[in-house]
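So you can see what is in the structure, the chains are spelled out below.
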Amino acid sequence: MYAKKRYSEKATLKKTLAMHSERTNRHKADDQVQDGAVPAYLLDREQTARAKVLSNTIKQKRKEKAGKWEVPLPKVRPIAEDEMFRVLRTGKRKTKQWKRMVTKVTFVGPGFTRKPPKYERFIRPMGLRFTKAHVTHPELKCTFNLDIIGVKKNPNGPMYTSMGVITKGTIIEVNVSELGLVTPAGKVVWGKYAQVTNNPENDGCINGVLLV
Amino acid sequence: MGTNPLAIPANNIICSLTDPEGRSLGAPLDLPQDAGPKELYLLINTLLQNEEKLPYAFYINDKELLGSLGAHLLQNRVSVEQVLQIVYQPQAVFRIKPVTRCSASIPGHSEAVLSVQFSPDSRMLASGSGDTTVRFWDIYTQTPLFTCTGHKNWVLCIAWSPDGKMLVSGSKDGELRLWEPTTGKAIGNPLTGHKKWITAVSWEPAHLQSPSRRFASASKDGDIRIWDTTLHKTVMCLTGHTLAVTCVKWGGEGFIYSSSQDCTIKVWETTSGKLIRELKGHGHWVNTLALSTEYVLRTGAFDHTGKQFNSAEEMKQAALVRYKAAKGNSQERLVSGSDDFTMFLWEPGTSKQPKARMTGHQQLVNHVYFSPDGRWVASASFDKSVKLWDGYSGKFIATFRGHVGPVYQISWSADSRLLVSGSKDSTMKMWDMRTQKLREDLPGHADEVFAVDWSADGEKVASGGRDRVLKLWMS
């Protein structure tokens, strides 16, 4: 009877000692359960890490309602008119100076036709017209080459916005249908805003960050 | 009325009714031009001498006959010179209502839900997740019932036994555990033996063995083990595949079909464990298998009427009846989907040459599923489309486009009229077979949908994914 009691006491003592020495015990490295659980059919496949879709669209909706835009570049260097436009002298004696040529990158849109050359005041050269932008998704950290749909706002003034001039800090709308984003209601998202982060006239390409 | 040059001159059309396999019913008949599906339905029921009138669908040259015969022929410019072949297809007597709304989103798992399955009698629902637990859910109150802990790593696959008495779950560390669904407790110790993660589990059909005892499990280490639940250990180990086994299916004739990443499909005999056939043909990993009788084997003796059985013998008889009805006179067919963007239709009981090669997908095929009546095969692929093929010949029928991300899994309704698909873009879509178009959009998940299942009584659809919530959809 006493032997049984002693035996059970010894057993519990051994167990507590083992528990205390757990700290110094070494376990196999792969005992840990990893994050990012995937079903069996996706296990041997490399998939790029994805951010949740829901948070992006909800944040966008909230921002639209508040009327304020939180952008990555809140302040940009103001661009003077003489830096933006170059005076073109025209006429037989090259004395007329009412024409201006835009020196920054522009976006004109697919249905653009020039005004009759005699009457056009602002010339947007074809060499500085771009249709695509390299847009980076801030959470996924990957860059996509997306078509520009339009120029939403140029911080230097509404005149530049209507002309389609793209400088650093401009908000443009890009076509994101290839990203396969879906709203919580099940509709497909095909246009999103992005802000330009470089000086396109110096680099020859438009780089931007997607506004999510 | 002016004479229409394309009008059929005679008022009667000579037709011959054939069944889906091509056998003609009797002598050719003279049918009036304005005969439609209703008249043909009465005719066929009398010719086949059915006691109750069963619904049928009629097809002329693979197009369904919807209006009167004359109008259909005029529209499709079918010639009246030859005897017209009308193929009749028996349809399910019951009609499943499409699910339209999410009736409940039940949280509970702390990691992504990896697999979801209704029990064969549609009374219980089980799900396995990345948080290493298996959970049982009450469908009627839409609340969690039991949480079964014990696995040490993600629970990758779950499978109900065909009599609904046991659930087996396989995890990423190669362990299988048996659970009792009424109490939520484990049955015995975990079954170890596999060295790498479990990719698929399949039970022995109820008409071969009732109560359910044996099941087969496939693993990344390349072998398939047949376990006995009463003895609680491996009874057979089928080795032969050189790379991971991606899918295993226990057929109704006593064969086991297994597909692997080594591009082959092997057919094994269950009594001896010998390899009978090796089906070669794919150029890349074979991802998934589908059997024409799969739905019946999974649901066992239960059907849409919801009848309960008292004894195991009764269940075995009922399961046998259902299996014979579903199989008909044809052989068991097998469809395999692969990373080489194609699928093959095989008749493994007869030959090791494929019956048909189904091409058309532009990305790998992730999931193929036969419809419960064996008429159609649906395939879900990473090219964002779901394709529908004929179940007997492998001919392409239609594509369902609408998803904007890879389609992961599909599930049929019990009457084979509706198909639901879950995709990486977090939406599920329901497709109608009659119109071959999108029927209903089921958005609501916040992240990728990993698993979908339609209950056997057709009332509910369950889905789970990366957002950790289990959603139940009802009509």
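Residues numbered from 1 in each chain as written. Chains lettered and ligands numbered in written order. Predicted model: local features only at pLDDT ≥ 70, side-chain atom pairs only at ≥ 80, totals over all residues. Heavy atoms only, no water.

Details of the overall build of chain B
Step number 1: The secondary structure content of chain B amounts to four helices and 37 strands.
Step number 2: Dimensions of chain B along its principal axes, counting C-alpha atoms only, are 80 × 50 × 45 Å.
Step number 3: Considering chain B as a whole, with its 475 residues, one finds that 59% of them fall into the buried category.
Step number 4: Counting every atom, chain B has about 18900 Å² of accessible surface; 50% of that belongs to carbon and sulfur.
Step number 5: The centroid of the 52 positive side-chain charges in chain B is displaced by 3 Å from the centroid of its 48 negative side-chain charges. (Helix = DSSP H or I, 4+ residues; strand = E, 2+ residues; numbered from the N terminus. Buried < 20%, exposed > 50% of the residue type's maximum accessible area, 1.4 Å probe, protein only. Areas by Shrake-Rupley, 256 points an atom, 1.4 Å probe, with all protein chains shown as cover. Lys, Arg positive; Asp, Glu negative; His and termini not counted. Charge placed at Lys NZ, Arg CZ, Asp CG, Glu CD.)

A short note on helix α1 (residues 37–47) of chain B
Residues and elements named next belong to chain B.
Step number 1: Of all the residues in α1, the buried ones are L40, I44 and N45. Projected onto a plane normal to the axis of α1, the buried residues spread over an arc of 130 degrees and lie on a single side. The outward face of α1, more than 90 degrees from its buried face, is lined by the exposed residues K38 and T46.
Step number 2: At its buried positions, α1 is contacted by β1 (12–18), β2 (29–32), β3 (56–60) and β5 (84–90).
Step number 3: Of the residues one or two after α1, Q49 is the one with positive phi, at around 55 degrees. (Arc of directions from axis to C-beta. Contact = heavy atoms within 4.5 Å.)

Digging into the sheet that holds strand β14 (residues 185–186) of chain B
Residue and element names in this part refer to chain B.
Step number 1: Spatial strand order, β11-β12-β13-β14: four strands in an open sheet with antiparallel pairing. Every interior strand has two partners, whereas the edge strands, β11 (155–160) and β14, have only one.
Step number 2: Pairing between strand β13 (residues 176–180) and β14: two bridges, direction antiparallel. Each bridged residue has a counterpart across the sheet, and for E180 the counterpart in β14 is K185. (Pairing = 2+ DSSP bridges.)

Overview of the layout of surface pockets
Residue and element names in this part refer to chain B.
Step number 1: One number sums up the size of the largest pocket: a volume of about 1200 Å³.
Step number 2: Lining the largest pocket are 42 residues, and of these P90, Q91, A325, A326 and D373 sit closest to its centre.
Step number 3: Mapped by element, the contributors of at least two residues to the lining of the largest pocket are β5, α3 (294–299) and α4 (312–327).
Step number 4: The element best represented in the lining of the largest pocket is α4, accounting for five residues.
Step number 5: Taken together, the residues of the lining of the largest pocket break down into 18 nonpolar, 13 polar and 11 charged.
Step number 6: In terms of lining residues, the second largest pocket is bounded by 30 residues, among which Y59, N61, D62, K63 and E64 are the most central.
Step number 7: Split into classes, the residues belonging to the lining of the second largest pocket amount to nine nonpolar, 12 polar and nine charged. (1 Å grid on protein atoms, 1.4 Å probe; cavity = no way out; pocket = protein on both sides within 12 Å on 5 of 7 lines; lining within 4 Å. Points joined across faces, edges and corners; volume = space filled by probe spheres on them. Nonpolar A, V, L, I, M, F, W, Y, C, P; charged D, E, K, R; others polar.)

A word on the interface of chain B and chain A
Step number 1: Contact with chain B, which involves 34 residues of that partner, is made by 25 residues of chain A.
Step number 2: Around 2500 Å² of area is buried between chain B and chain A when both sides are counted, 55% of it from carbon and sulfur atoms.
Step number 3: Of all residues in chain B, the largest losses of buried area upon contact with chain A belong to W154, V404 and A446 of chain B, amounting jointly to 21% of the total for that side.
Step number 4: Our enumeration of links across chain B and chain A arrives at two salt bridges.
Step number 5: For the interface between chain B and chain A, the tally reads five residue pairs in polar contact (both at pLDDT 80 or more).
Step number 6: Tallied by class, residues from the side of chain B that touches chain A come to 14 nonpolar, 10 polar and 10 charged. (Buried area = accessible area lost by both parts, 1.4 Å probe. Salt bridge = Lys/Arg side-chain N within 4 Å of Asp/Glu carboxyl O. Polar contact = N/O pair within 3.5 Å; in protein donor to acceptor, adjacent residues only side chain to side chain.)

Here we look at the sheet that holds β3 of chain B
Residues and elements named next belong to chain B.
Step number 1: If you walk across this open sheet you meet the five strands as β2-β1-β5-β3-β4, and the pairing is mixed. Where the open sheet ends on each side, the last strands, each with one partner, are β2 and β4 (63–64).
Step number 2: Two elements, β1 and β5, share four bridges in a ladder whose sense is parallel. Residue C15 lies in a different strand from β5, and its bridge partner there is L84.
Step number 3: Seen against the sheet, α1 touches β1, β2, β3 and β5 and runs at an angle of roughly 110 degrees to β3. (Axes fitted to C-alpha atoms, helices over the stretch in contact; angles between N-to-C directions.)

Considerations on the UniProt feature "domain: NLE" (unreviewed entry) in chain B
Step number 1: Under the UniProt annotation, the feature "domain: NLE" (unreviewed entry) is placed at residues 13–73 of chain B.
Step number 2: Helix and strand shares over residues 13–73 of chain B are 26% and 28% respectively, and the end C-alpha atoms of the span are 10 Å apart. (UniProt positions renumbered as here; feature names shortened; annotations may be inferred.)

Points about the packing of aromatic side chains
Step number 1: Overall, the coordinates contain 14 aromatic pairs over all chains when judged by the stated rule.
Step number 2: Relative to F146 of chain B, the ring of F136 of chain B has its centre 6.4 Å away and its plane inclined at 75 degrees; by these criteria the two rings are edge-to-face. Of the two residues, F136 of chain B sits in strand β9 (residues 134–138) while F146 of chain B sits in strand β10 (residues 143–148), which places them 10 residues apart along the sequence.
Step number 3: By relative accessible area, which is 1% here, F136 of chain B ends up buried.
Step number 4: Among the aromatic residues, those joined into a ring-pair cluster are Y41 of chain A together with F382, Y408 and F450 of chain B.
Step number 5: Positioned over the ring face of W154 of chain B is K172 of chain B, at 5.1 Å from the centre of the ring. (Phe/Tyr/Trp six-rings, centres within 6.5 Å; stacked < 30°, edge-to-face > 60°. Lys NZ or Arg CZ within 6 Å of the ring centre and 35° of its normal.)

Considerations on the state of the cysteines
The bond known as a disulfide is covalent and runs between the sulfur atoms of two cysteines.
Step number 1: Taken as a whole and judged by the stated rule, the model has zero disulfides over all chains.
Step number 2: The closest cysteine sulfur to the non-disulfide-bonded C148 of chain B is located on C157 of chain B, 16 Å from its own sulfur. (Disulfide = S-S within 2.5 Å.)

Quick notes on the UniProt feature "repeat: WD" (unreviewed entry) in chain B
Residues and elements named next belong to chain B.
Step number 1: Feature annotation in UniProt places "repeat: WD" (unreviewed entry) on residues 106–147, 148–189, 191–228, 238–278, 358–399, 400–441 and 442–475, given in this structure's numbering.
Step number 2: Across residues 106–147, helical content stands at 0% and strand content at 55%; the span's end C-alpha atoms are separated by 13 Å.
Step number 3: Spanning residues 148–189, this segment combines 0% helix with 45% strand, and its end C-alpha atoms are found 13 Å apart.

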